[in-house]
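Structural overview for review
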Amino acid sequence: MVLLEKLRANWLRIVVHLGALLPLAWLAWRYTQGLFLIDPVREITTFTGQGALILLVLSLACTPVSTLTGWSRVLRVRRALGVYAFVYAGLHFLTFAGLDYGFDLELLQQAIFD
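What follows concerns the nonpolar core. V16, L55, V77, L81 and Y88 are the most contacted members of the largest nonpolar core, which totals 14 residues. Put simply, the parts of the chain that give this core at least two residues each are α2 (11-33), α3 (40-69) and α4 (78-100). Top element by residues in this core is α4. It accounts for five residues. In contact with L55, not counting residues within four places along its chain, are L81, Y84, A85 and Y88.

On to the packing of aromatic side chains. All chains considered together, the criterion is met by four aromatic pairs. An angle of 50° between the planes, with centres 6.0 Å apart, marks the rings of Y31 and F36 as tilted.

Tracing the backbone shows T48 in helix α3. In sequence terms T48 and L35 are 13 residues apart; their C-alpha atoms lie 16 Å from each other. Leaving out residues up to four positions away in the same chain, T48 has contacts with L27, Y88, L91 and H92.

Next up on the list: unusual backbone geometry. Of note, the phi angle at F103 is positive, near 55°, even though the residue is not glycine. Looking at where F103 falls in the secondary structure, it is placed in the loop between α4 and α5 (105-113). Of the residues examined, F103 reaches a relative accessible area of 52% and is grouped as exposed.

In this section: the packing of α3 against α4. With their axes 8 Å apart at the nearest point, α3 and α4 run at an angle of 160° to one another. Here α3 lies roughly antiparallel to α4, going by the angle between them. In the crossing of α3 with α4, the sense of the turn from one axis to the other is left-handed. Of the residues that constitute the contact of α3 with α4, the class distribution is 16 nonpolar, nine polar and two charged.

Rules used in this analysis
Residues numbered from 1 in each chain as written. Predicted model: local features only at pLDDT ≥ 70, side-chain atom pairs only at ≥ 80, totals over all residues. Heavy atoms only, no water. Core = buried A, V, L, I, M, F, W, Y, C linked by side-chain atoms within 4.5 Å. Buried < 20%, exposed > 50% of the residue type's maximum accessible area, 1.4 Å probe, protein only. Helix = DSSP H or I, 4+ residues; strand = E, 2+ residues; numbered from the N terminus. Contact = heavy atoms within 4.5 Å. Phe/Tyr/Trp six-rings, centres within 6.5 Å; stacked < 30°, edge-to-face > 60°. Axes fitted to C-alpha atoms, helices over the stretch in contact; angles between N-to-C directions. Parallel < 35°, antiparallel > 145°, perpendicular 65-115°, else oblique. Left-handed = near helix turned anticlockwise from the far one by under 90°. Nonpolar A, V, L, I, M, F, W, Y, C, P; charged D, E, K, R; others polar.

This is the structure:
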């Protein structure tokens, strides 16, 4: 009974964590199986960038949702959404800088500033 009560009380947190981690697991599985079609680096970069933007918008939307609907439970997952957005943005940058440009500072400078 105690486990069921904890699940009821924390269902939104569980959904947020699973919703943020399952796409990364799916991406890793696709990569290990060789299921990327033409340009795997581009697909990984696009996937992680879109994930970062989606999670960032979700974390920023928590306060307006709480204000408009009065549903304060959504505020409890705001930090987790922001942290996952940061993780996805970090993976996006590491994919761009590492896999695409091999951490070559001259090439990165040309790609970013030119």
